[in-house]
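# Observations on the three-dimensional arrangement
Okay, here's what each chain looks like letter by letter:
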Amino acid sequence: MFPVSEVMAAARTGGPAVVVVLGDDMVGMAVAQAQGERAWITLVALAGVWRNRGIGSV
């Protein structure tokens, strides 16, 4: 678990981030933090109305 402040810092400093938008709705997002040859996924989020629809399942 990463604190929200760390996730926001990674996004603000140009860390890898992806936002999924469908029409006018934000479906989800992911933020990562990279240091050298290592990287951590710090946040994966999905909007409540999009849950239980198979998004993110294998």
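Residues numbered from 1 in each chain as written. Predicted model: local features only at pLDDT ≥ 70, side-chain atom pairs only at ≥ 80, totals over all residues. Heavy atoms only, no water.

## Considering the environment of Thr42
Short version of the rule: Helix and strand definitions here come from DSSP, where helices need a minimum of 4 consecutive H or I residues and strands a minimum of 2 consecutive E residues; each element is numbered from the N-terminal end. Exposure categories follow from relative accessible area, calculated using a 1.4 Å probe and restricted to protein chains: below 20% of the type maximum is buried, above 50% is exposed, and the middle band is partly exposed.
Inspection of the secondary structure puts Thr42 in strand E3 (residues 38-46). For Thr42, a relative accessible area of 8% translates into the label buried.

## Remarks on the pairing of strand E2 (residues 25-35)
What counts here: What makes two strands pair is DSSP finding at least two bridges between them.
Relative to E2, strand E1 (residues 17-22) runs antiparallel, the two sharing six bridges. Across the sheet, residue Val21 finds its bridge partner in E2, namely Met26. Connecting E1 to the antiparallel partner E2 that follows it, the hairpin turn spans two residues, and Gly23 within it adopts a positive phi of roughly 65°. Of the pairings in the sheet, the one linking E2 to E3 comprises eight bridges and is antiparallel in character. Note on E3: the bridge partner recorded for Gln33 is Trp40. What sits between the antiparallel neighbours E2 and E3 is a turn of two residues, in which Gly36 has the positive phi angle 65°.

## Topic: the environment of Met26
Keep this limit in mind: When checking whether two residues touch, look at their non-hydrogen atoms; a contact exists if any pair is within 4.5 Å.
Tracing the chain through its elements places Met26 in strand E2. C-alpha of Met26 to C-alpha of Glu6: the two residues are 20 residues apart in sequence and 21 Å apart in space. Among all residues touching Met26, those that are not within four sequence positions of it are Val19, Val20, Val21, Ala47 and Trp50.

## Regarding the confidence of the model for the protein chain
For clarity, the threshold we go by: One number per residue, pLDDT, summarises how confident the predictor is, and it ranges from 0 to 100.
With 97% of its residues at a pLDDT of at least 70, the protein chain reaches an overall mean of 84. Of all secondary-structure elements in the protein chain, the lowest mean pLDDT belongs to helix H1 (residues 4-12), at 77, while E1 reaches the highest, 89.

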